[in-house]
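This is what each chain is made of:
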Amino acid sequence: MCRGFSPGLQRIVQLELASGNYASEDELLLTAVRLLNQREKDLRDFKTRLQGRLERLATVHRGLSQFSRFTAKMGLSPSAVKGTG
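Residues numbered from 1 in each chain as written. Predicted model: local features only at pLDDT ≥ 70, side-chain atom pairs only at ≥ 80, totals over all residues. Heavy atoms only, no water.

**A few points about the overall build of the protein**
Consideration 1: Secondary structure summary: the protein contains three helices and zero strands in total.
Consideration 2: Scanning the protein from its N terminus toward the C terminus, one meets helices and strands in the order α-α-α.
Consideration 3: Considering the protein as a whole, with its 85 residues, one finds that 7% of them fall into the buried category.
Consideration 4: Carbon and sulfur atoms make up 59% of the accessible area of the protein, which amounts to about 7300 Å² in all. (Helix = DSSP H or I, 4+ residues; strand = E, 2+ residues; numbered from the N terminus. Buried < 20%, exposed > 50% of the residue type's maximum accessible area, 1.4 Å probe, protein only. Areas by Shrake-Rupley, 256 points an atom, 1.4 Å probe, with all protein chains shown as cover.)

Written out as structure tokens, the structure is:
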């Protein structure tokens, strides 16, 4: 049995071993660590993609703000800019 693990965690390990899905504690723990590493990689990848999208959104927002200031400075109404005025 896993030394140093809480009784609750030891019960989980025993239940998993009894299910027949894992041949040994080593196999179970190796699978758990691999899955944890994959989850952490997936989370890092997601954060990277999210950061890129947020940066693009900020660029669009800055562009719209600049355009809005420009049209106001030129005395153009929003409807005139849209081509409806």
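**Some details on helix α1 (residues 7-19)**
Consideration 1: Counted at 1.5 Å a residue, the expected span for α1 with its 13 residues is 18 Å, and the 18 Å between its end C-alpha atoms agrees.
Consideration 2: Trailing α1 by a residue or two, G20 shows a phi angle of about 85°, which is positive. (Expected span 1.5 Å × (residues − 1).)

**As for helix α2 (residues 25-73)**
Consideration 1: Taking 1.5 Å per residue as the helical rise, α2 with its 49 residues ought to reach 72 Å, and the 71 Å between its terminal C-alpha atoms agrees with that figure.
Consideration 2: Taken as a whole, α2 has its buried residues at E25, L28, G52 and T71.
Consideration 3: Following α2 by one or two positions, G75 has its phi on the positive side, about 75°.

**Things to note about the confidence of the model for the protein**
It should be kept in mind that the predicted coordinates are not to be read in detail where pLDDT is low.
Consideration 1: On average, the protein scores 89 in pLDDT, and the residues at 70 or more come to 87%.
Consideration 2: Per-element confidence in the protein ranges from a low mean pLDDT of 66 for helix α3 (residues 78-82) to a high of 95 for α2. (pLDDT = per-residue confidence, 0-100.)

**Topic: the side chain of T71**
Consideration 1: With respect to the helices, strands and loops of the structure, T71 is situated in helix α2.
Consideration 2: Judged by relative accessible area, T71 falls into the buried class, the value being 8%.
Consideration 3: Among the polar contacts made by the side chain of T71, one reaches the main-chain carbonyl oxygen of S68 at a distance of 2.9 Å. (Polar contact = N/O pair within 3.5 Å; in protein donor to acceptor, adjacent residues only side chain to side chain.)

**Points about a nonpolar patch on the surface**
Consideration 1: Residues L43, F46, L50, L54 and L57 make up a contiguous nonpolar surface patch of about 470 Å² in total accessible area.
Consideration 2: By the secondary structure assignment, L54 is in helix α2.
Consideration 3: A relative accessible area of 45% means that L54 is categorised as partly exposed. (Patch = residues over 30% accessible without salt bridge, like charges linked within 9 Å, V, L, I, M, F, W, Y side chains within 5 Å. Salt bridge = Lys/Arg side-chain N within 4 Å of Asp/Glu carboxyl O.)

**Focus on the environment of F5**
Consideration 1: Of note, F5 is situated in the segment before α1.
Consideration 2: Aside from chain neighbours lying at most four places away, what touches F5 is Q10 and L29. (Contact = heavy atoms within 4.5 Å.)

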